[in-house]
Amino acid sequence: MQLTLEFGGGLELLCDSKKIHNVNVEKPNGEDKLTMKDLLSWVRTNLIKERPEMFLKGDTVRPGVLVLVNDCDWELCGQLNTSLEEKDVVVFISTLHGG
């Protein structure tokens with residue numbers, strides 16, 4: 001499944017300082033849909049190059065990380081259970097950074 005992932009607010013530093021990633025994520029075996037929980041696991045394994053604890057806590061994002069799926073707050077879409085579709089755009093922004 002083709003997705004665009006964007007990282008901001010300092011999170012891009014965990015992904016080789018690259019803000020936008022066009023990725024192809026496979027659905028888990030036997031599943032007919034890809035969820036945010038699946039995507040976060042994929043991100044941990046394939047994109048995060050250092051200090052994953054700065055992005056993830058357990059199987060979800062750390063407090064202070066805003067997640068948008070197609071410009072909609074994931075808290076309104078179902079959080080970890082949010083189903084993703086082909087060509088979706090998922091944005092991760094840390095709200096905890098210096099200024």
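Computed from a prediction, not measured in an experiment: that's the story for all the values here.

About the cut-offs
Residues numbered from 1 in each chain as written. Predicted model: local features only at pLDDT ≥ 70, side-chain atom pairs only at ≥ 80, totals over all residues. Heavy atoms only, no water. Helix = DSSP H or I, 4+ residues; strand = E, 2+ residues; numbered from the N terminus. Buried < 20%, exposed > 50% of the residue type's maximum accessible area, 1.4 Å probe, protein only. Contact = heavy atoms within 4.5 Å. Pairing = 2+ DSSP bridges. Axes fitted to C-alpha atoms, helices over the stretch in contact; angles between N-to-C directions.

Caption draft 1: How the structure looks around the side chain of H21. Residue placement: H21 occurs in strand β2 (residues 20-24). For H21, a relative accessible area of 8% corresponds to the buried category. Setting aside residues up to four positions removed in sequence, H21 forms contacts with L3, T4, L5, F7, C15 and L47.

Caption draft 2: Quick look at the sheet that holds strand β7 (residues 72-73). The mixed open sheet is built from five strands, whose spatial order is β2-β1-β9-β6-β7. At either margin of the open sheet sits one strand with a lone partner, and together these are β2 and β7. In the sheet, strand β6 (residues 65-69) pairs with strand β9 (residues 89-94) via five bridges, with the strands oriented antiparallel. Bridge pairing in β9 links V67 to F92. Sitting on the sheet, helix α1 (residues 36-46) is in contact with β1 (2-8), β2, β6 and β9, with an inclination near 65° to β1.

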